[in-house]
Amino acid sequence: MLLTEVTEEVREALDARRPVVALESTIIAHGLPRPRNQEVARELEGLVRSAGAVPATIAVLGGRVRIGLDQEGLERIAGDGGIRKLGRRDLAPALAAGADGATTVSATAFLAARAGIEVFATGGLGGVHRDWAHAQDESADLRELARTRITVVCAGVKSVLDVPATLQRLETLGVGVLGYGTDRFPGFYLTSSGEPVDWTVHSPDEVAAVVRARAALDGPGALIVARPVPESEQLDPALHDRVLGEALDACRERGISGQAVTPFLLDYLTRRTGGASLEANVAAVRGNARLAALIAAAL
Ligand code: PSU
Ligand code: MN
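If you're wondering where the values come from, they're calculated on a predicted model, not measured in any experiment.

Caption draft 1: Focus on helix α6 (residues 105–115). Here α6 lies mainly inside the structure; eight of its eleven residues are buried. Every buried residue belonging to α6 is among Val 105, Ser 106, Ala 107, Thr 108, Ala 109, Leu 111, Ala 112 and Ala 115, and all of these are buried. Remark: Gly 116 follows α6 within two positions and exhibits a positive phi of approximately 90 degrees.

Caption draft 2: The nonpolar core, seen in detail. Ranked by internal contacts, the top residues of the largest apolar core, which has 62 residues, are Ile 67, Ile 117 and Leu 145. A total of seven residues in this core trace back to one element, the largest contributor, which is helix α11 (residues 237–253). If we skip the residues at most four places from it in the chain, Ile 117 touches Leu 14, Val 20, Val 21, Ala 22, Ala 56, Ile 67, Ala 112 and Ile 150. Membership of the second largest hydrophobic core comes to 40 residues, among which are Ala 29, Leu 47, Val 201 and Ala 293.

Caption draft 3: Representation of the packing of aromatic side chains. All chains considered together, the criterion is met by two aromatic pairs. For the ring pair Phe 188 and Tyr 189, a centre distance of 4.4 Å and an interplane angle of 45 degrees mean the geometry is tilted. By relative accessible area, Phe 188 is classed as buried at 1%. Between the aromatic rings of Phe 264 and Tyr 268, the centroid separation amounts to 6.0 Å while the plane-to-plane angle is 45 degrees, which identifies the pairing as tilted. Placement of the pair is Phe 264 and Tyr 268 together in helix α12 (residues 261–272), with a separation of four residues, close to one helical turn. The exposure class assigned to Tyr 268 is buried, which follows from its relative accessible area of 5%. When the ring centre of Phe 188 is taken as origin, the NZ or CZ atom of Lys 158, which lies over that ring, is 6.0 Å away. It is Arg 169 that lies over the ring of Trp 132; its NZ or CZ is 5.4 Å from the centre.

Caption draft 4: Local environment of unusual backbone geometry. Following Arg 34, the chain continues to Pro 35 via a peptide bond in cis, the omega torsion being -5 degrees. Topologically, Pro 35 is positioned in the loop between α2 (26–31) and α3 (36–50). At Phe 188, a residue that is not glycine, the phi angle is positive and equals roughly 60 degrees. Position of Phe 188 among the secondary structure elements: in the loop between β9 (176–180) and β10 (199–201).

Caption draft 5: Inspection of the pattern of salt bridges at higher detail. Tallied over the entire structure, the rule returns 19 salt bridges. Through salt bridges that share partners, Glu 5, Arg 64, Arg 66 and Asp 70 make up one connected network.

Caption draft 6: Quick look at the pairing of strand β11 (residues 223–226). Covered by surrounding structure in β11 are Leu 223 and Val 225 together with Ile 224 and Ala 226, the residues of both alternating faces. Relative to β11, strand β8 (residues 151–154) runs parallel, the two being bridged by four bridges. Paired with Val 152 across the bridge in β11 is Ile 224. By the bridge criterion, four bridges tie β9 to β11 in an arrangement that is parallel. Each residue of the ladder has a partner; that of Gly 179, found in β11, is Ala 226.

Reading the values: the criteria
- Residues numbered from 1 in each chain as written.
- Chains lettered and ligands numbered in written order.
- Predicted model: local features only at pLDDT ≥ 70, side-chain atom pairs only at ≥ 80, totals over all residues.
- Heavy atoms only, no water.
- Buried < 20%, exposed > 50% of the residue type's maximum accessible area, 1.4 Å probe, protein only.
- Helix = DSSP H or I, 4+ residues; strand = E, 2+ residues; numbered from the N terminus.
- Core = buried A, V, L, I, M, F, W, Y, C linked by side-chain atoms within 4.5 Å.
- Contact = heavy atoms within 4.5 Å.
- Phe/Tyr/Trp six-rings, centres within 6.5 Å; stacked < 30°, edge-to-face > 60°.
- Lys NZ or Arg CZ within 6 Å of the ring centre and 35° of its normal.
- Salt bridge = Lys/Arg side-chain N within 4 Å of Asp/Glu carboxyl O.
- Pairing = 2+ DSSP bridges.

Written out as structure tokens, the structure reads:
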């Protein structure tokens, strides 16, 4: 597509069938506080490289899809507080307007798959929110993953969500879920959400075998590799539960809705846990980026 720019490094790696890992930009622009976000963005790219793959951070800059960002691109995503959050449905208007925007899981998965990238790493997926019965707030991530063929490495879904309902929706949508080294679905900031997962794998090669079997079946949809943050790096569960309760109350009281909900809750947790939730989030994404690179190499 005319409106897509793939960096030379990513293009060459894809052409030569060398491992490439897509990284999203909303986590950088809206999920992590400035200026730490820029440091983390660079660090994630470095982790992917040292695990033997080429990182492709995805965003929209100046109305063009960018697959792989240079230093200036990363700074634009990380530095501008006003940058827009783009789900897949927002891509066309953003391109037409010549806008800058950070891509969520739904937009990143869509763009990565179009570019021929098979593996994608993030922190926690979006999902069904806790007051779903009232607000009908369900992240567009889920439906996009139901139709996009990509392997997503994450620490489960964000714990601010209704995790059992989100797992149920993933089942309904036919999205595969593998627990990486665990039979419990991870809890994003927490090692475990307490919910079971049906399938457990223990190595990048085992994930690659599932990916190949899925390709042979030629069915639609993503494969989620849910890797728990190690217990030594998780947020204290009691602190998590207490502050999350306050965050959900604050969100309701202030009438926050739509795209603003997730960034509000993550930011609230970061501030009220004295940065501990941020460290758990960063630890999760680091591990996911590394694992994604190993899976891409195994493929
Ligand atoms: N993972 C993180 N932090 C984040 C996100 C993921 O560790 O901020 C972002 C992803 O871009 C995901 C989005 O798609 O949060 C979900 O937003 P919403 O609930 O509005 O769909
Ligand atoms: Mn939402």
